[in-house]
Amino acid sequence: MMRYSAILLIALIGATPLGAQTLTLDPHLDLPKSAGVPGWTGFEDPTSQFDLERAKTGGLNAAAIALFVPQGARDAASFAKAQAELVRRDAAIHAIVDRNPGRAALALSPTDVRRIAASGKFAVIESLLNTWPLGDDLAQFDRWYARGVRIVGFVHAGHNQYADSSRPALPLGDKPAEHGGLSPLGKAAVTRLNDLGILIDVSQLSDAAFDQVLALSRAPVIASHSDVRGMVDTSRNLSDPQLDALRAKGGVIAINAFSAYLRPRSPTTSKAVNDLQRSFGLSAGAGVTLSAERQVDYDRRYHDIVGKEPRASVADLIDAVDYAVRRIGIDHVALSSDFNHGGGVTGWNDVGELGGVTAELVRRGYTPGQIDKLWSGNVLRVWQAAIDGRKGAT
């Protein structure tokens, strides 16, 4: 029997069973820290915003879980350490499937997602965020494709050998730009990802790198966890021209439940962050690299400051959805959580709380067909387009 997101909207809006056949897919969430504990299965984990039990309760059918290692130095020892960490985290993602065979299965295509969800299991999609650990070897993309990776984002916080980030890592000595967008390696990687049929994720890229990916890619792309600069003016969000370009490319922005990009930062918090950066000698263009110990200290103090900001709500999240839909149309917008890496808003704190998001969409007047597009249809469409555009596809 099909176990699509029975969010019990009958109780929310009356007798119309809206959502009973909506397939729900989160295109970006992360592993919890607890995934590194021996024996972790992802079945029940109260320390995480995601586990299979709450996904079932909340009606989440599928998610792209990020294979992620944060940015580090570009030397042989750092690459080797990062690649070993990738292997460990990949094993944790596969453990969700391998240790819960009756509850979850690995999805390698949109067809797989629909089949797995229809069988009553949870569909696990593996993504890769931050290509820094791969070194300069394009064959690494083939290796991770063979392992199951189907979505790839080039950068996180900090430039790497492939591309510039929208958030230069000041503690690592980043300047505002390094490559002017994509490096030659990054441009070659776009072609390789297209050839494999991997969906390219443009979240986190600098404006120039974003433009270059869209110009070079043969296939549509996704911004799997991004918000809109027209509401919150930060380089991490997509500008109106970027939204327009994404639509023209046939792509999708998944509006992200990340509070800091849904609510403008208060002047008090902005001043405190600027003061902190000055105290560490950090500024755009300074090129100062902090020691590992100082980086930890800076990161702790930074999060202490920004953690005092009021959290955004589900209403703020859907405000951003409304903005994007008005700008580029319902066919190019989706939803994502960024759970376990800072994501979550009041009313959508974990995978068990999808119902509140859908209820707010209903309250705003979105139709069942539109809600289906936001929760999965648009992501599955753009992913299929990437597959159809792969080298040798007919």
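Described below are features of the structure shown in this document. (Residues numbered from 1 in each chain as written. Predicted model: local features only at pLDDT ≥ 70, side-chain atom pairs only at ≥ 80, totals over all residues. Heavy atoms only, no water.)

### A few points about the overall build of the protein
So, point 1. Helix and strand counts for the protein stand at 13 helices and 9 strands.
So, point 2. A compact globule built from 394 residues would reach a C-alpha radius of gyration of about 21 Å, and the protein, at 20 Å, matches this within 12%.
So, point 3. Expressed along its principal axes, the backbone C-alpha trace of the protein runs to roughly 60 × 50 × 45 Å.
So, point 4. Across the 394 residues of the protein, 56% fall into the buried class.
So, point 5. Put simply, 72% of the contacts in the protein that link residues at least 6 apart link residues at least 24 apart.
So, point 6. Carbon together with sulfur atoms contributes 55% to the accessible area of the protein, which is approximately 15,600 Å² in total. (Helix = DSSP H or I, 4+ residues; strand = E, 2+ residues; numbered from the N terminus. Rg over C-alpha atoms; globule rule 2.2 N^0.38 Å. Buried < 20%, exposed > 50% of the residue type's maximum accessible area, 1.4 Å probe, protein only. Contact = heavy atoms within 4.5 Å. Areas by Shrake-Rupley, 256 points an atom, 1.4 Å probe, with all protein chains shown as cover.)

### Considering the packing of helix H6 (residues 184–196) against helix H7 (residues 207–216)
So, point 1. Taken N-terminus to C-terminus, the directions of H6 and H7 make an angle of 45°; their axes are 10 Å apart at the nearest point. In this view, H6 runs oblique relative to H7, as classed from their interaxial angle. Once H6 is placed against H7, the crossing between them reads as right-handed. Between H6 and H7, the contacting residues are Lys187, Val190 and Asn194 on the first element and Gln212, Val213 and Leu216 on the second.
So, point 2. Among the residues making up the contact of H6 with H7, the classes are represented as 3 nonpolar, 2 polar and 1 charged. (Axes fitted to C-alpha atoms, helices over the stretch in contact; angles between N-to-C directions. Parallel < 35°, antiparallel > 145°, perpendicular 65-115°, else oblique. Left-handed = near helix turned anticlockwise from the far one by under 90°. Nonpolar A, V, L, I, M, F, W, Y, C, P; charged D, E, K, R; others polar.)

### So, the nonpolar core
So, point 1. Counting residues in hydrophobic clusters, the biggest one holds 82 residues, and the most contacted among them are Phe154, Val202, Ile253, Val321 and Trp348.
So, point 2. At 9 residues, helix H11 (residues 314–328) tops the list of elements feeding residues into this core.
So, point 3. Grouped together as the second largest cluster of nonpolar side chains are 24 residues, Ala105, Val252, Leu380 and Ile387 included. (Core = buried A, V, L, I, M, F, W, Y, C linked by side-chain atoms within 4.5 Å.)

### Overview of the packing of helix H8 (residues 240–248) against H11
So, point 1. Closest axis-to-axis distance for the H8/H11 pair is 10 Å, and the angle between their directions is 60°. The angle between the axes of H8 and H11 places the two elements in the oblique class. For the element pair H8 and H11, the recorded crossing hand is right-handed. Touching Asp240, Leu243, Asp244 and Arg247 of H8 are Tyr323, Arg327 and Ile328, all from H11.
So, point 2. Grouping the amino acids of the contact of H8 with H11 by side-chain chemistry returns 3 nonpolar, no polar and 4 charged.

### Considerations on the environment of Met231
So, point 1. Note on placement: Met231 falls in the loop between strand E7 (222–226) and H8.
So, point 2. In contact with Met231, other than residues within four places in its own chain, are Pro264, Asp319, Ala320 and Tyr323.

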